[in-house]
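Per-entry structural report
What follows is each chain in one-letter form.
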Amino acid sequence: MRYRQFGKTGWRVSEIGFGGARIGGLLAQDGGRATSLRMLEAACDAGINFYDTADMYSQGESEILIGKAFRKKREKVFIATKGGYCLPRSKRLIQLIKPIAKPLVRTIGLRRGAVPAALSGTPSQDFSSGYLRRAVESSLRRLGSDHIDLYQLHSPSREELRGTRLQDALGLLARLKVEGKIREYGIALDSAADAAECLGLEGLASLQIPFGLMDPEALDGVFDNVSERQYGIIARGCFGGGELKPSLTEADLRAIEPKWERVLQIRRLADQRRRSPLEAALQFSLSIESISVTILGMRTPQQLAANLLYYAANPLSNEEKRELLAR
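How each quantity is defined
- Residues numbered from 1 in each chain as written.
- Predicted model: local features only at pLDDT ≥ 70, side-chain atom pairs only at ≥ 80, totals over all residues.
- Heavy atoms only, no water.
- Helix = DSSP H or I, 4+ residues; strand = E, 2+ residues; numbered from the N terminus.
- Contact = heavy atoms within 4.5 Å.
- Areas by Shrake-Rupley, 256 points an atom, 1.4 Å probe, with all protein chains shown as cover.
- Salt bridge = Lys/Arg side-chain N within 4 Å of Asp/Glu carboxyl O.
- Phe/Tyr/Trp six-rings, centres within 6.5 Å; stacked < 30°, edge-to-face > 60°.
- Buried < 20%, exposed > 50% of the residue type's maximum accessible area, 1.4 Å probe, protein only.
- Core = buried A, V, L, I, M, F, W, Y, C linked by side-chain atoms within 4.5 Å.
- Axes fitted to C-alpha atoms, helices over the stretch in contact; angles between N-to-C directions.
- Parallel < 35°, antiparallel > 145°, perpendicular 65-115°, else oblique.
- Left-handed = near helix turned anticlockwise from the far one by under 90°.
- Nonpolar A, V, L, I, M, F, W, Y, C, P; charged D, E, K, R; others polar.
- Pairing = 2+ DSSP bridges.
- pLDDT = per-residue confidence, 0-100.

Some details on the overall build of the chain
- Scanning the chain from terminus to terminus reveals 13 helices and twelve strands.
- The long-range share in the chain, meaning contacts at least 24 apart out of those at least 6 apart in sequence, stands at 76%.
- Looking at the chain as shown, the accessible area adds up to about 14,700 Å², and 50% of this sits on carbon and sulfur atoms.

So this is what it looks like as C-alpha cells:
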C-alpha cells in the first residue's frame, strides 16, 4: 500500500480508503457483523488506514462496527465520519430498506420514475451548533473512542454553504477541536461545483468530492484550486455508484443511467486494454496526484479482495487516460 499526504494535517493516508456506507444493517451478509469485522481487519492488514463513515449509515451501525474493529489499534487508523442529517423515526425503516431496494431496482430494470416515492425521499438536515454537538457526542459513543480524526459536514446544500448557519457550524467544530473531541474537520460535498463555495472558509482540513470516470468535472480547475488551499482531497464515487459493474446490461443502464452511453464507452476502451472497467476507473483516480485518498465502498471480503487487485494493477498510460477522458 502506498500513502499520500493529507493536505496540511501531516497525516499519511492510504491511497485507497474504506467506505463504510455499505456495512451494517440489512447490508450485512454471510455472517453479519462477524463478516464485516473480519473484512475491516483484513483491510487494515492490507495497509488501508483511512475509514470513512457517517452517523446515518445503517442507523449508526457502520460507526459501531468500525469502532469495534479498531478499538485495540486505534492509533493505527484514521476514522472520518459525518453529521448533519436528521432521520425522523418514521423514515428509519425506509432508510434501512433503501440500500437494498436500489440494487433490486437496477436488476429488474425499473426506471427511476417508477421507484416508490418513499424510497427516493431524503431525510432532513440540521447544521445548527446544538444539533452537531449532540451528533458528535453520539458518534464518539458509537465509535468507542475519545476522538474523531476527521469530522465532516454531510452534504450541505449550496444555500447552506452560503448561509450564516454554516459559520456557526464551523465555529462549533473549531471549539470541538480545541476540546480534543475531533482532530480536524471538513465538508463532504454532493457536487464538485460546490467546492468553490468552500475555498474561503476558515479551518477546513479537507473536502470530499464526487469524482471518477463518470464524473470527471473536478479536473476542470477544481482540484487545482482546492489543493492550493492545502486541503486534503477525498474522492468518492470512483465506480460510478456501481454502474460500471460489468453485470449490468445495456438495457439496465438505459433504464437507470442518463450517461449510459458513457458507461459503454468506458467498458469498450477498458476491454481493448484488457482491463476491467472497475480497474480502469480506480487507476484513473489514482493517477490524479492531488487526490489524497480514493474511497471505495465494499460489503464483502470478495469485494475487498477484488478492490485490492484493481489497486495492484499497472497504472494507466497517458494514452489510456486521454482515451478514457475523451467526450
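Regarding the pattern of salt bridges
- Going through the model one piece at a time under the given rule, you end up with 21 salt bridges.
- Of the charged contacts, one joins Lys 82 and Asp 52 as a salt bridge, the two residues approaching to 2.7 Å between their closest N and O atoms. On the criterion of sequence distance, the pair formed by Lys 82 in strand S5 (residues 78-83) and Asp 52 in strand S4 (residues 50-52) is long-range, its members being 30 residues apart.
- Salt bridges linked by common partners bring Arg 133, Glu 137, Glu 179 and Lys 181 together as one network.

A few points about the packing of aromatic side chains
- A full pass over the atoms with the stated rule returns eight aromatic pairs.
- Ring geometry for Phe 6 against Trp 11: centres 5.6 Å apart, planes inclined by 15°, an arrangement best described as stacked. The pair Phe 6 / Trp 11 is uniform in exposure class, with both members buried.

Comments concerning the environment of Gly 60
- Mapping Gly 60 onto the fold places it in the loop between S4 and helix H2 (61-69).
- The class of Gly 60 is buried, set by a relative accessible area of 0%.
- Remark: the alpha-carbon pair of Gly 60 and Gly 24, spanning 36 residues in sequence, is separated by 8.5 Å.
- Contact partners of Gly 60, with chain neighbours within four places excluded, come to Asp 55 and Arg 142.

A few points about H2
- Of all nine residues in H2, seven are buried, a share of seventy percent or more.
- All of the buried residues in H2 are Glu 61, Ser 62, Glu 63, Leu 65, Ile 66, Gly 67 and Ala 69.
- Its buried side turned inward, H2 meets helix H1 (33-45), S4, S5 and helix H5 (129-143).

Overview of the nonpolar core
- The biggest cluster of nonpolar side chains holds 83 residues, and the ones touching the most others in it are Tyr 51, Leu 207 and Ile 209.
- In this view, Ile 209 contacts Leu 189, Ala 192, Ala 195, Ala 218, Val 222, Phe 223, Val 226, Ile 234, Ala 235 and Arg 236; residues no more than four positions away in its chain are not counted.
- Residues Trp 11, Phe 78, Ala 80 and Ile 234 belong to the second largest nonpolar core, which totals ten residues.

Some details on the packing of helix H10 (residues 260-272) against helix H13 (residues 318-325)
- Where H10 contacts H13, the axes come no closer than 9 Å and their chain directions differ by 160°. Between H10 and H13, the crossing angle belongs to the class labelled roughly antiparallel. Both H10 and H13 take part in a crossing whose hand is right-handed. Of the residues in H13, those in contact with Arg 262, Gln 265, Ile 266 and Leu 269 of H10 are Glu 323, Leu 324 and Leu 325.
- Residue classes in the contact of H10 with H13 are distributed as four nonpolar, one polar and two charged.

Considering the pairing of strand S11 (residues 232-236)
- Most of S11 sits out of view: four of its five residues are buried.
- Bridge count between strand S10 (residues 206-210) and S11: five bridges; the pairing is parallel. Opposite Ser 206, over in S11, you have Gly 232 as the bridge partner.

A few points about the confidence of the model for the chain
- For the chain, per-residue confidence averages 87 on the pLDDT scale, and residues scoring 70 or more make up 87% of the total.
- This model gives residues 90-98 a pLDDT under 50, and the stretch forms 16 contacts once residues within four places in sequence are excluded.
- For the stretch residues 100-120, pLDDT sits under 50, and the model shows 26 contacts to residues farther than four places along the chain or on other chains.

Examining the pairing of S5
- When you tally the buried positions in S5, you get six out of six residues, the bulk of the element.
- Both faces of S5 are covered, namely the face carrying Phe 78, Ala 80 and Lys 82 and the face carrying Ile 79, Thr 81 and Gly 83.
- Relative to strand S8 (residues 148-154), S5 runs parallel, the two being bridged by four bridges. Its bridge partner lying in S8, Ala 80 is registered against Leu 150.

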